[in-house]
Amino acid sequence: MAVIAVDNNAVAYAATGTEDPWPLVVITAPVSRRLDSGDLSPYAYSVCQSGTRNPVRALVFDLVNPSAVTVSAGGGAAVPMTQDPQEPRLWHGEWDASLLAPGEITLTVSATGTITRSRETKVLLEDVPCPAELPGPDAGAPDAGPADATVDASADGGPGTDAFVFPDGTLPPRPEEPASGCSCRATGAPGGDGAIPPILLGLLCLLAWRLRRRRS
């Protein structure tokens, strides 16, 4: 079973077995720097190394409402995340990178529900503009400052740069910065800009799993 989510024009992906999937955690921001193959993700961007309130977002699927969801950076202490009041499967948090050295670090989100499970993502800390603070649960988005600054800051290539090309020789599209705040909420609204609602994909996976289990 897999969940594919679109957050701020970046794709996040998580897969698990159907026999014991819960809780299933999908970190949608910051975007994982590495694909499962270890290659650089075309959606990767650098995160502000001096930021004390860097945003993190995650989708959590479970048979029960999670009692706690936390985030930790670079093996540091876990910090509680907040459940979105309008979308209960979406959790928001902030993490302090100012005490960590620049470079690639591991960000871990843990959810306690049916049991406790964690998911990790690789993030590159660099001297890039820190996110502006915004009111509400989307505080801190967009994730790493203006799109052009975050894309060009990646030394080994990122989306829209000549250093990264698809196998057919074409360049990935340069990410577009949303008009305001985080686009993860906008994608869930009907009649939006055509982006795939992240929660819809997860619900479809859940429905298919339950139908299969009922038949068996």
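Thresholds applied
Residues numbered from 1 in each chain as written. Predicted model: local features only at pLDDT ≥ 70, side-chain atom pairs only at ≥ 80, totals over all residues. Heavy atoms only, no water. Salt bridge = Lys/Arg side-chain N within 4 Å of Asp/Glu carboxyl O. Helix = DSSP H or I, 4+ residues; strand = E, 2+ residues; numbered from the N terminus. Buried < 20%, exposed > 50% of the residue type's maximum accessible area, 1.4 Å probe, protein only. Core = buried A, V, L, I, M, F, W, Y, C linked by side-chain atoms within 4.5 Å. Contact = heavy atoms within 4.5 Å. Disulfide = S-S within 2.5 Å. Polar contact = N/O pair within 3.5 Å; in protein donor to acceptor, adjacent residues only side chain to side chain.

Novice: How would you sum up the pattern of salt bridges? Please name residues and give values.
Specialist: With the rule as written, the count across this model stands at five salt bridges. R117 serves as the salt-bridge partner of D20, at 2.9 Å between the closest nitrogen and oxygen. Of this pair, D20 sits in the loop between β2 (10–15) and β3 (24–29) while R117 is found in strand β11 (residues 116–126), placing the two residues 97 residues apart along the sequence. With relative accessibility at 25%, the residue R117 sits in the partly exposed group. With a closest N to O distance of 2.9 Å, E94 and R53 form a salt bridge. Within this pair, whereas E94 is found in strand β9 (residues 90–95), its partner R53 is found in the loop between β4 (46–48) and β5 (54–61), the two being separated by 41 residues in sequence. Residue classification places E94 among the partly exposed positions, given a relative accessible area of 26%. Several salt bridges converge on common partners, so that one network encompasses R33, R34 and E104.

Novice: Tell me about the nonpolar core, residues and numbers included.
Specialist: Among the nonpolar cores identified, the biggest contains 24 residues, and V56, M81, W95, V109 and L125 are the most heavily contacted of them. Elements that contribute at least two residues to this core include exactly β3, β5, β6 (68–73), β9, β10 (103–112) and β11. Counting residues per element, this core draws most heavily on β10, at four residues. Here V109 is in contact with V25, I27, V56, A58, V69, T70, V71, M81, R117, S118 and R119, once residues within four sequence places are set aside. Counting eleven residues, the second largest nonpolar core, distinct from the first, contains W22, V26, L90 and L206.

Novice: Let's hear about the state of the cysteines: which residues, and what values?
Specialist: In this structure the tally under the stated criterion is one disulfide. Between the sulfur atoms of C48 and its disulfide partner C130 the distance amounts to 1.8 Å. Here C48 is found in strand β4, whereas its partner C130 is found in the loop between β11 and α1 (147–152), with 82 residues between them in sequence.

Novice: I'd like to hear about the side chain of S46, residue by residue, with values.
Specialist: One can find S46 in strand β4. A relative accessible area of 0% places S46 in the buried class. In this structure the side chain of S46 is engaged in a polar contact, spanning 2.7 Å, whose partner is the side chain of E126.

Novice: Summarise the environment of R119; cite the residues concerned and give the values.
Specialist: You can see R119 is positioned in strand β11. Among the residues examined, R119 registers a relative accessible area of 25% and is labelled partly exposed. Separated by 61 residues in the primary sequence, R119 and A58 place their C-alpha atoms 9.8 Å from one another. Not counting residues within four places of it along the chain, the set of residues in contact with R119 comprises A14, A15, L24, V25, V26, I27, L107, T108 and V109.

Novice: Quick rundown of unusual backbone geometry? Include the residues and the values.
Specialist: W22 connects to P23 through a cis peptide bond whose omega is -10 degrees. Turning to its location among the elements, P23 is positioned in the loop between β2 and β3. A cis amide bond links A29 to the next residue, P30, at an omega of 0 degrees. Counting through the fold element by element, P30 comes out in the loop between β3 and β4. With a phi close to 55 degrees, N8 is a non-glycine residue in the positive phi region. One can find N8 in the loop between β1 (2–7) and β2. Taking the relative accessible area as the measure of exposure, N8 reaches 15% and is therefore buried.

Novice: Tell me about the side chain of T121, and name the residues and values.
Specialist: Its location among the elements puts T121 in strand β11. Relative accessible area serves as the criterion here: at 5%, T121 is assigned to the buried category. A polar contact is formed between the side chain of T121 and the side chain of S32, at a distance of 3.4 Å. Those residues within four positions of T121 in sequence are excluded, and the remaining contacts are I27, P30, V31, S32, I105, T106 and L107.

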